[in-house]
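Structural description and commentary
Here is how the chains run, residue by residue.
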2 protein chains.
Amino acid sequence: MRWRIAARPTGRELRADDYTRDDSPLMVRLADGELHVRVLMLSCDPAQKGWMENAGGYAAPTEIGDVMPAGGIGQVIESTAAGFAPGDLVQGSLGWANDLVVKAAGMRLVEPEPDAARLNLGLLGSSGLTAYFGLTRIGVPQAGDTLVITGAAGAVGSIVGQIGKIAGCRVIGIAGGESKCRWLTEELGFDHAIDYKAEKVKHRVRELAPGGIDVLWDNVGGDMLDDLMARIAHRARVVICGGIARYQQRGRPPGPGNYFNIVFKSARMEGFLLSDFARDHDLGRDRLRRWLAEGRIVQRDEVVDGLDKAPETLMRLFCGDNVGKLLINVAEPA
Amino acid sequence: MRWRIAARPTGRELRADDYTRDDSPLMVRLADGELHVRVLMLSCDPAQKGWMENAGGYAAPTEIGDVMPAGGIGQVIESTAAGFAPGDLVQGSLGWANDLVVKAAGMRLVEPEPDAARLNLGLLGSSGLTAYFGLTRIGVPQAGDTLVITGAAGAVGSIVGQIGKIAGCRVIGIAGGESKCRWLTEELGFDHAIDYKAEKVKHRVRELAPGGIDVLWDNVGGDMLDDLMARIAHRARVVICGGIARYQQRGRPPGPGNYFNIVFKSARMEGFLLSDFARDHDLGRDRLRRWLAEGRIVQRDEVVDGLDKAPETLMRLFCGDNVGKLLINVAEPA
């Protein structure tokens, strides 16, 4: 079984009927350097909506009718590629399918270990690496800095805040709902959490960060980013990671009217792609694994069972009801 | 005579009656470390409108009734400060006045030479140094880069483009009107100029910079910045220097909706203040003076005679009718 893209969700929310289910069997004939892979677990990422829209042109373009792309972990069934054997675990760009054929060149071998799929798709996967490289290389936190994170209870934000604590920052997370906020302060060690559904973010940030925001990590965009841009400190670094607000709005939402504050504050707003740091991904995974082993970083995920639930599961990312990393379990390793 | 601030032009255009004329004589009694200075020449800068509004909080706050602040060159009449003698030329924050009392600590001695005032307020003053440090330290141009400049015929933009040529860039200037555009290409050596009053900037930039914009220098903001943000190249540097568009609009104009392109392009948008580079200002002046002597940089200015014309002269900056640096001549050196 596999899910194919049926419609592009450009300028609107995702819908269940943006995909069509294809139950026909997969005919496999491998060319040289290819793998037939059984999908084990899939990652849910906001970028997937952008891939469906071909937004930004930074990923391989999709066509209507393509299998819905997704990062994931699979197990090799058959291989015509040197270095890959049946039974091996691989990570890379897979899709919403029980099995598929991929080029081995884009795949990374994963060490078999307990919970290998969850670990490699979460903390050691794109979420953890995005947090690690975005914060250390773009945000450049200094001990004593005030770090503010929007979408703080998400897969990336929750790791950004924990790395911020390791770097000696005062960490303030913004999230929706009391239970997420409690999780941030009580379990992840954030200094403060602001519940944007119950509190005025602008006023609370002024109270909690009277000296301004040194590093701003933004997953949200929209009005929240604008309000926070008004509170940046001298030489602030604003890391633009995501824009959940803009994924949901119809048409193109306005940009941050307060962008000009970067002049008054000699500040910088910067974006990045995880692939910019491809050469150092192993280094990032090593650091994150060590912090996990030392108990300095906690990973939280929610695993939804069944490829049939993929469309509704991805939609949950955009309504903000999940905490930590959202994963889809497709099959157990053989 | 002096002009005092009578009203704050927040969210609207400057008006002649934002100032009141004060013809009472100045009573001078110097405290220690002060100078009584005769004003010779004054600089016109967009930032002066921001000073009147106390926008951004980056300059000393102004009060209604204060003498209108302006960068300028003066000649010392009387001094209680070591190192400053009557007859010396000084540069610093002066004001719209025939003479005034200033603290010597904020003043810089200027070498007497022909045209010392014009040279030090133009190419070697805030405009030239802003161009030099903003481009070399924030824009970081590389040989072969495409550099696009908005407000290219202004005091800062015209120097940015010439430094860009020295750095080996392809330089495209955007300005209003055919004569400004001809000046950029025929006299300053810009590769191309786009007349935004006659041409579609978005389409022309696509034609002239098919590989995208590597360095974007923005003096304008508004829709023009937004259109250009859509055309940035991978790893682009967007230098936010000014926002003439936002000085004119009522209320707060929207930010660049295309800001999110910095994620797709791993790009950066950064602001700065000239004071960030205070330690290196002498180095900047040396470089600019050498390029001027070698004929690699041309300075153009327009000198308006008479302090009585200060209010109307400053207003001209914001309607885009001046070319190069706009100066007000108050008196000849004694």
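Above this text is the structure in question.
For clarity, every value in this text was computed on a predicted model and none was experimentally measured. (Residues numbered from 1 in each chain as written. Chains lettered and ligands numbered in written order. Predicted model: local features only at pLDDT ≥ 70, side-chain atom pairs only at ≥ 80, totals over all residues. Heavy atoms only, no water.)

In this section: the interface of chain A and chain B. How large an interface is tends to be reported as the accessible area lost when its parts come together. At the junction of the two partners, chain A supplies 36 residues and chain B supplies 36 residues. Summed over both sides, the interface of chain A with chain B buries roughly 2900 Å², with 59% coming from carbon and sulfur. Where chain A meets chain B, there are zero salt bridges. Applying the counting criterion to the chain A and chain B interface returns eight residue pairs in polar contact (both at pLDDT 80 or more). Of all the elements in the fold, those that place two or more residues in the side of chain A that touches chain B are helix 7 (222-229), strand 12 (232-240), helix 8 (244-248), helix 9 (261-264) and strand 13 (268-271) of chain A. Take the side of chain A that touches chain B: its biggest share by element is four residues, from strand 13 of chain A. Looking at the side of chain A that touches chain B, its residues break down into 18 nonpolar, ten polar and eight charged. (Contact = heavy atoms within 4.5 Å. Buried area = accessible area lost by both parts, 1.4 Å probe. Salt bridge = Lys/Arg side-chain N within 4 Å of Asp/Glu carboxyl O. Polar contact = N/O pair within 3.5 Å; in protein donor to acceptor, adjacent residues only side chain to side chain. Helix = DSSP H or I, 4+ residues; strand = E, 2+ residues; numbered from the N terminus. Nonpolar A, V, L, I, M, F, W, Y, C, P; charged D, E, K, R; others polar.)

Next up on the list: a nonpolar patch on the surface. Residue and element names in this part refer to chain B. Among the surface-exposed residues, L26, V28 and V101 lie close enough to one another that they form a single nonpolar patch of about 170 Å² accessible area. Looking at where V101 falls in the secondary structure, it is placed in strand 6 (residues 99-103). Judged by its relative accessible area of 32%, V101 falls in the partly exposed class. (Patch = residues over 30% accessible without salt bridge, like charges linked within 9 Å, V, L, I, M, F, W, Y side chains within 5 Å. Areas by Shrake-Rupley, 256 points an atom, 1.4 Å probe, with all protein chains shown as cover. Buried < 20%, exposed > 50% of the residue type's maximum accessible area, 1.4 Å probe, protein only.)

In this section: the sheet that holds strand 8 (residues 146-150) of chain B. In space, the twelve strands of this open sheet follow the order 10(A)-9(A)-8(A)-11(A)-12(A)-13(A)-13(B)-12(B)-11(B)-8(B)-9(B)-10(B), with mixed pairing throughout. In this open sheet, the two strands that pair with only one neighbour each are strand 10 (192-195) of chain A together with strand 10 (192-195) of chain B. Geometrically, the sheet is characterised by an average inter-axis angle of 15° between neighbouring strands, direction not taken into account. Alignment of strand 13 of chain A against strand 13 (residues 268-271) of chain B, held across three bridges, turns out to be antiparallel. Each residue of the ladder has a partner; that of E270 of chain A, found in strand 13 of chain B, is R268 of chain B. Packed onto the sheet, helix 4 (residues 157-166) of chain A meets strand 8 (146-150), strand 9 (170-175) and strand 11 (213-218) of chain A and runs at close to 170° relative to strand 8 of chain A. (Pairing = 2+ DSSP bridges. Axes fitted to C-alpha atoms, helices over the stretch in contact; angles between N-to-C directions.)

A few words on the relation of the copies chain A and chain B. The two copies are related by a screw operation: chain A maps onto chain B through 180° of rotation and 0.0 Å of translation along the axis, at an RMSD of 0.0 Å. Such a combination of rotation and displacement between the chain copies is what one expects of a two-fold axis. When C-alpha distances to the rotation axis are compared across chain A, the minimum falls at G255 of chain A, with a value of 2.1 Å. Looking at chain A, 100% of its interface residues are interface residues in chain B too, so the copies touch through the same face. (Least-squares fit on C-alpha atoms with pLDDT ≥ 70 in both.)

Right, let's get into the nonpolar core. Soluble globular proteins tend to pack their nonpolar side chains together in the buried interior. Counting 54 residues, the largest nonpolar core has L228 and I240 of chain A together with L228 and I240 of chain B as the members making the most contacts within it. Setting aside residues up to four positions removed in sequence, L228 of chain A forms contacts with V148, T150, I174, V201, V205, I213 and L216 of chain A. Counting residues in each nonpolar core, the second largest holds 37 residues, with L135, I138, L147 and V239 of chain A among its members. (Core = buried A, V, L, I, M, F, W, Y, C linked by side-chain atoms within 4.5 Å.)

As a further point, take the packing of aromatic side chains. Evaluation of the coordinates by the stated rule reveals 16 aromatic pairs over all chains. Here the aromatic rings of F260 of chain A and F264 of chain A are separated by 5.5 Å at their centres, their planes lie at 80°, and the arrangement is edge-to-face. The residues F260 of chain A and F264 of chain A share a single accessibility class, namely buried. Ring centres of Y132 of chain B and F133 of chain B lie 5.0 Å apart, and the angle between their planes is 85°; on these two criteria the pair is classed as edge-to-face. (Phe/Tyr/Trp six-rings, centres within 6.5 Å; stacked < 30°, edge-to-face > 60°.)

All names here are of chain B. Pairing between strand 14 (residues 301-305) and strand 15 (residues 325-329): five bridges, direction parallel. Across the sheet, V304 pairs through a bridge with I328, a residue of strand 15. Where the polypeptide runs from strand 14 across helix 11 (residues 310-317) and back to strand 15, its parallel neighbour, the crossover connection is right-handed. (Right-handed = clockwise from strand over helix to strand, strands pointing away.)

Residues and elements named next belong to chain A. Structurally, D66 can be placed in the loop between helix 1 (47-53) and strand 4 (69-79). The residues contacting D66, other than those within four sequence positions of it, are W3, R4, I5 and P61. In terms of polar contacts, D66 uses its side chain to reach the backbone amide nitrogen of E63, at 2.8 Å.

Attention now goes to the state of the cysteines. Counted according to the given criterion, the structure contains zero disulfides over all chains. The thiol sulfur of C319 of chain A is not disulfide-bonded, and the nearest other cysteine sulfur, from C44 of chain A, lies at 12 Å. Owing to a relative accessible area of 52%, C319 of chain A belongs among the exposed residues under this scheme. The thiol sulfur of C241 of chain B is not disulfide-bonded, and the nearest other cysteine sulfur, from C44 of chain B, lies at 16 Å. (Disulfide = S-S within 2.5 Å.)

Let's shift gears to the pattern of salt bridges. For the structure on display, the rule yields 44 salt bridges over all chains. A salt bridge links D227 of chain A to K202 of chain A, with the nearest nitrogen and oxygen atoms 4.0 Å apart. Here the residue D227 of chain A occupies a position in helix 7, and K202 of chain A occupies one in helix 6 (residues 201-208), the gap between them amounting to 25 residues. On the accessibility criterion, D227 of chain A (24% relative accessible area) is partly exposed. Here R21 of chain B makes a salt bridge to D23 of chain B, at a shortest N to O gap of 2.9 Å. Several salt bridges converge on common partners, so that one network encompasses R2, R4 and D22 of chain A.

Residues and elements named next belong to chain B. Position of K49 among the secondary structure elements: in helix 1 (residues 47-53). Residue classification places K49 among the buried positions, given a relative accessible area of 1%. In terms of polar contacts, K49 uses its side chain to reach the side chain of E53, at 2.8 Å.

This next bit is on unusual backbone geometry. The backbone of R235 of chain A sits at a positive phi, close to 60°, despite the residue not being glycine. Located in the positive-phi region is V140 of chain B, a residue other than glycine, with phi close to 45°. Its location among the elements puts V140 of chain B in the loop between helix 3 (126-139) and strand 8.

Right, let's get into the packing of helix 3 (residues 126-139) of chain A against helix 10 (residues 281-293) of chain A. Residue and element names in this part refer to chain A. Two elements in contact, helix 3 and helix 10, have axes whose closest approach is 10 Å; the angle formed by their N-to-C orientations is 100°. Between helix 3 and helix 10, the crossing angle belongs to the class labelled roughly perpendicular. Across the interface between the two elements, G128, L129, Y132, F133 and R137 of helix 3 pack against H281, L283, G284, R285, R287, L288 and W291 of helix 10. (Parallel < 35°, antiparallel > 145°, perpendicular 65-115°, else oblique.)

For the rest of this paragraph, the subject is helix 4 of chain A. All names here are of chain A. Burial runs high along helix 4: eight of the ten residues are buried. For helix 4, the set of buried residues is G157, S158, I159, V160, G161, Q162, I163 and G164. Following helix 4 by one or two positions, G168 has its phi on the positive side, about 90°.

Residue and element names in this part refer to chain B. A large share of helix 3 lies buried, amounting to eleven of its 14 residues. If you check which residues of helix 3 are buried, you get S127, G128, L129, T130, A131, Y132, F133, G134, L135, I138 and G139. Positive backbone phi, approximately 45°, marks V140, located one or two places after helix 3.

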